[in-house]
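Here's the letter readout for the chains.
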Amino acid sequence: MNRRRVRERRPPATVTADHHTTGLPLARLAREQTFLLLEMIADDRALRFHSRDVLATAMCEVAAGRTPRAALGAGGSGVLVRLRRVLDPQPRPTRTAWLCIVAATLAAPSLPLLAVCGP
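Residues numbered from 1 in each chain as written. Predicted model: local features only at pLDDT ≥ 70, side-chain atom pairs only at ≥ 80, totals over all residues. Heavy atoms only, no water.

Moving on to the confidence of the model for the protein chain. Per-residue confidence for the protein chain gives a mean pLDDT of 77, with 71% of residues at or over 70. Considering each helix and strand of the protein chain separately, the mean pLDDT is smallest for helix α1 (residues 3–9), with a value of 50, and largest for helix α6 (residues 95–107), with 92. Predicted confidence for residues 5–10 stays below pLDDT 50, and this span has six contacts to residues more than four positions away or in other chains. (pLDDT = per-residue confidence, 0-100. Helix = DSSP H or I, 4+ residues; strand = E, 2+ residues; numbered from the N terminus. Contact = heavy atoms within 4.5 Å.)

As structure tokens, this is what we get:
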């Protein structure tokens, strides 16, 4: 099978990302982190239906094998980050923390106006 045929079988996003990020280190890093975040979203989705232990076991099995290129962040060093996140989840923010975040988000756009038009 020739290279062109193999390239056509890969997902379009992977082909585009490979083509545009070959010489740009920051773009390559952004691509890797995007794939890792997508895998984390998939982990969160899987946790809705399966226990943390089952998901961690499955992640270890996938990481032990050779992952295809189109597997996004399923293999490599990102697995350790994902495993740590799955096995040791962070506590959810309290109501007070959420209110502070919302207040800061709403107040932030008015800060430049206050700086220019203030006393």
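Let us keep going from here.
Let us now look at the packing of helix α3 (residues 25–47) against helix α5 (residues 78–87). Between α3 and α5, the shortest axis-to-axis distance is 11 Å and the interhelical angle comes to 35 degrees. The element α3 and its partner α5 pack so that their crossing is right-handed. Contact residues: Leu36, Glu39, Met40, Asp43, Asp44 and Leu47 in α3; Gly78, Val81, Arg82, Arg85 and Val86 in α5. (Axes fitted to C-alpha atoms, helices over the stretch in contact; angles between N-to-C directions. Left-handed = near helix turned anticlockwise from the far one by under 90°.)

Glancing now at the packing of helix α4 (residues 52–64) against α5. Direction vectors running N to C along α4 and α5 enclose 170 degrees, while the axes themselves pass 10 Å from each other. As judged from the angle between their axes, α4 and α5 are roughly antiparallel. Between α4, through Arg52, Asp53, Leu55, Ala56, Met59, Cys60 and Ala63, and α5, the contact on the second element is made entirely by Val79, Arg82, Leu83, Val86 and Leu87. Along the lines of polarity and charge, the residues of the contact of α4 with α5 split into nine nonpolar, no polar and three charged. (Parallel < 35°, antiparallel > 145°, perpendicular 65-115°, else oblique. Nonpolar A, V, L, I, M, F, W, Y, C, P; charged D, E, K, R; others polar.)

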